[in-house]
Each structure stands twice: as C-alpha cells, then as structure tokens.
Amino acid sequence: MIDTVVFPVAGLGTRFLPATKAIPKEMLPVVDKPLIQYGVEEAVAAGATRLVFVTGRTKNAIADHFDMAFELETELEQRGKHELLEVARQTVPDGVECLYVRQRQALGLGHAVRCARSLVSGEAFGLILPDDLIDNGGDGVLAQLVRHHEQTGASVISVEEVPREKTSSYGVVDVESFTGRSGRICGMVEKPEPAEAPSNLAIVGRYVLDARIFELLEETRPDQRGEIQITDAIASLLQERPVDAYRFEGRHYDCGSKLGFLQATVDLGRKHPELGGEFSAWLENQ
Ligand code: G1P
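Summary of the structure given here. (Residues numbered from 1 in each chain as written. Predicted model: local features only at pLDDT ≥ 70, side-chain atom pairs only at ≥ 80, totals over all residues. Heavy atoms only, no water.)

So, on to the site of the ligand. The ligand sits among Leu109, Leu129, Asp132, Tyr170, Gly171, Glu190, Lys191, Ile203, Gln229 and Thr231. For the ligand, an oxygen atom lies 2.6 Å from a polar atom in the side chain of Glu190. For the shell around the ligand, the per-class residue count stands at four nonpolar, three polar and three charged. (Near = heavy atom within 4 Å. Polar contact = N/O pair within 3.5 Å; in protein donor to acceptor, adjacent residues only side chain to side chain. Nonpolar A, V, L, I, M, F, W, Y, C, P; charged D, E, K, R; others polar.)

Below, the discussion takes up the pairing of strand β6 (residues 124-128). Of all five residues in β6, five are buried, a share of seventy percent or more. Every second residue of β6 is oriented toward a common face, with Ala124, Gly126 and Ile128 on one face and Phe125 and Leu127 on the other, all of them buried. Inspection of the sheet shows β6 paired to strand β11 (residues 201-210) by five bridges, in the antiparallel sense. Looking across to β11, one finds that Gly126 is bridged to Val208. (Buried < 20%, exposed > 50% of the residue type's maximum accessible area, 1.4 Å probe, protein only. Helix = DSSP H or I, 4+ residues; strand = E, 2+ residues; numbered from the N terminus. Pairing = 2+ DSSP bridges.)

It is worth spelling out helix α7 (residues 212-219) at this point. The set of residues buried in α7 consists of Arg212, Ile213, Phe214, Leu216 and Leu217. Here the buried face of α7 lies against α5 (109-115), β6, β11 and α8 (230-240). (Contact = heavy atoms within 4.5 Å.)

This paragraph deals with the packing of α7 against α8. At a minimum axis distance of 9 Å, the contact between α7 and α8 shows a crossing angle of 120°. When the axis of α7 is compared with that of α8, the two are oblique. Judged by the twist between their axes, the crossing of α7 over α8 is right-handed. For the pair formed by α7 and α8, the contact residues are Arg212, Ile213, Leu216 and Leu217 on the first element and Ile230, Ala233, Ile234, Ser236, Leu237 and Glu240 on the second. Taken together, the residues of the contact of α7 with α8 break down into seven nonpolar, one polar and two charged. (Axes fitted to C-alpha atoms, helices over the stretch in contact; angles between N-to-C directions. Parallel < 35°, antiparallel > 145°, perpendicular 65-115°, else oblique. Left-handed = near helix turned anticlockwise from the far one by under 90°.)

With that out of the way, let us pick up the pattern of salt bridges. Two side chains bearing opposite charge may form a pair once their charged atoms approach each other closely. Inspection of the entire model under this criterion finds 20 salt bridges. Glu41 is the partner of Lys33 in a salt bridge, and the nearest nitrogen-oxygen pair spans 2.8 Å. Note on Lys33: relative accessible area 22%, which makes it partly exposed. Here Glu73 makes a salt bridge to Arg89, at a shortest N to O gap of 3.1 Å. Of the two residues, Glu73 sits in helix α3 (residues 70-78) while Arg89 sits in helix α4 (residues 82-89), which places them 16 residues apart along the sequence. Take Arg89: its relative accessible area is 34%, and that puts it in the partly exposed class. Each of Glu73, Glu77, Glu86 and Arg89 takes part in a single network of salt bridges with overlapping partners. (Salt bridge = Lys/Arg side-chain N within 4 Å of Asp/Glu carboxyl O.)

Empty space left among the atoms is revealed by rolling a probe the size of a water molecule over them. Size it by volume and the second largest pocket reaches roughly 700 Å³. As for the second largest pocket, its lining consists of 28 residues, of which Asp32, Lys33, Tyr38, Glu41 and Leu268 are closest to the centre. For the lining of the second largest pocket, the secondary structure elements donating two or more residues are β3 (33-34), α1 (35-45), α4, β7 (132-135) and α9 (258-271). By residue number, the principal contributor to the lining of the second largest pocket is α1, which donates six residues. (1 Å grid on protein atoms, 1.4 Å probe; cavity = no way out; pocket = protein on both sides within 12 Å on 5 of 7 lines; lining within 4 Å. Points joined across faces, edges and corners; volume = space filled by probe spheres on them.)

Here we take up the packing of α9 against helix α10 (residues 276-284). Contact geometry of α9 with α10 gives a least axis separation of 6 Å together with a crossing angle of 125°. In this view, α9 runs oblique relative to α10, as classed from their interaxial angle. In this structure, α9 uses Val266, Gly269 and Arg270 to contact α10, whose residues at the interface are Gly276, Phe279, Ser280, Leu283 and Glu284.

This brings us to the packing of aromatic side chains. For the structure shown, the criterion picks out six aromatic pairs. Centroid distance Phe53 to Tyr100: 5.1 Å. Interplanar angle 15°. Geometry classified as stacked. Residue Phe53 is located in strand β4 (residues 50-55), and its partner Tyr100 is located in strand β5 (residues 97-102); the two are separated by 47 residues in the primary sequence. Judged by its relative accessible area of 0%, Phe53 is buried. (Phe/Tyr/Trp six-rings, centres within 6.5 Å; stacked < 30°, edge-to-face > 60°.)

We now examine unusual backbone geometry. With omega at 5°, the peptide bond leading from Leu17 into Pro18 counts as cis. Relative to the assigned elements, Pro18 resides in the loop between β1 (4-8) and β2 (29-30). At Val31, a residue that is not glycine, the phi angle is positive and equals roughly 60°. With respect to the secondary-structure elements, Val31 resides in the loop between β2 and β3. You can call Val31 partly exposed: its relative accessible area is 29%. Of note in the backbone geometry, Lys191 takes a positive phi value of approximately 45° without being a glycine.

Have a look at this one:
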C-alpha cells in the first residue's frame, strides 16, 4: 500500500503574475476548488493517509486551506449553514494527515522531492505535481498507478503521447514495448529537443516511486540550469529496479500554463453539477 503522497508546491508561479503575487498558484480556483485540492482528492482516493507538501515562503495559504478554520466554522454553524460547513471542513477528510516541509532554495523538482525524505514512510510513495490536473470519470490516475504498483512491485510513471515538437517541455521516456497500458522503461531524458527525444511519450505529473529514489537524489548532479531533476534520479533508479510507464485513462490539463488552466476551467465548468447546464447553454450562444 502507498500511504504517503508528496506534493511539490514551492514554485513561484511567475507565469500567472499578477494573480500569483500574493496567492500561491496552487490556490487559484478551477471553477470552485483550488487547483491543489484536485490533487489532494486524487491522492486520498488512491488510499493516501499522509500528504507531504514541499512548500516555500509564500505558501502559507495552502496549509491554511487544509487546516480547520475556526471562526468560519463557528459562524456557519451558528447560521445553520450545514452544507457549507461540510464543504469548508472536508478540504481534507478526517484521518488524513497533512505535513509541511520547506524547500529553502529553488534547486529543482528533484531537490524538492528530496526535501520530503524524512516525512515519507514506506518502501514506495506517490508523487503528484498539482499543475497537471487530470479529469477522470472513474479512477483517478494515482489510483491507477498504485494498482499497477501493487500488482507488479515496479515503480510507475504516468505518460501520454504528445506532438513531437513538444518534447522539450517534458520528461520523455523510452519504452521497448507495451502490454496493455504499461511497459518497462529503458531510458528517460528531461526536456529533450524533438530530434534527440527517444519517443513522444511524455511524463505527466503522477508517479509511484521506490524510496531508493531518495538515496539516488543525493547523488544526482544538477543539470546545465543548476537544477536537480527527478527525471535524472529515476534514470538511475531504472538501472537497478523496474520502472514502468503507464498510459493512464483521463484528460490531462496543463494548469501550469494559462491556456491549460482556461481549458480546465471551461471543461470542468461544463460538467459542474449545479452550473454545468446553464454554463454550457451560455457557451453555445457565444
Ligand atoms: C516536470 C518534470 C517533467 C514532467 C513535467 C510534467 O517538469 O520535470 O519531467 O514531464 O513536470 O508536468 P516541469 O513542468 O516542472 O518543468
């Protein structure tokens, strides 16, 4: 079982300025929930009971969001607003623990994951990059990966096909062959130019990783930009232990970009239980 999921949330979110000047980008709402909450719900649905947030100096709103809001809850209770009270309370369910550790310097995603080391329990853990929002009618992507891990014991990373010209925005994996949705990874490169990319299978931000990755991250050298990449550490891991790629079911939105954020907002707005009908009808007439 995977009980711990790590969320690297220390990035400055400069692509969304000025919206992110005083608010963490993970707290920007997609329809009526902050982006980070979609990732948290996916982790909880996959069975996680320990959520580790790797934060930075400007990220206190995230911890507040998953904490009890005493004044708000008292007020809602007194006014008899029970439904809203539940919404405010259930940002994280009872029995799920939130832990916070700070990444003091922006030294890359691998470094952020390394910061979580002492808070991760178990032999394997989940990793969610909340910028990647994945909408799914059924099982969340992390649950799909956890199931694959339970069946095989392998570390596993979600991937999807991207147009060749986009490989330089992603980690790209080399897989010899697939059986169904999964295949063993034999190599991976962080953000290769299209001509150098081993395939067009891009890593999307969901991973189940063997805890050996923490030792390998200690040995991983920074890249040309001075960042320690998780991709480089996983490339070392797969020399020792099995790491699989998993073609997940679900629609991926890159909410690290404004376009992806807008697309997620429109699609999730159309499916919203209260607003969906009216919003879709309005869109049709534009
Ligand atoms: C990170 C990873 C990359 C992965 C991507 C998915 O890159 O380093 O391998 O493909 O997330 O969103 P970032 O988008 O943080 O630059």
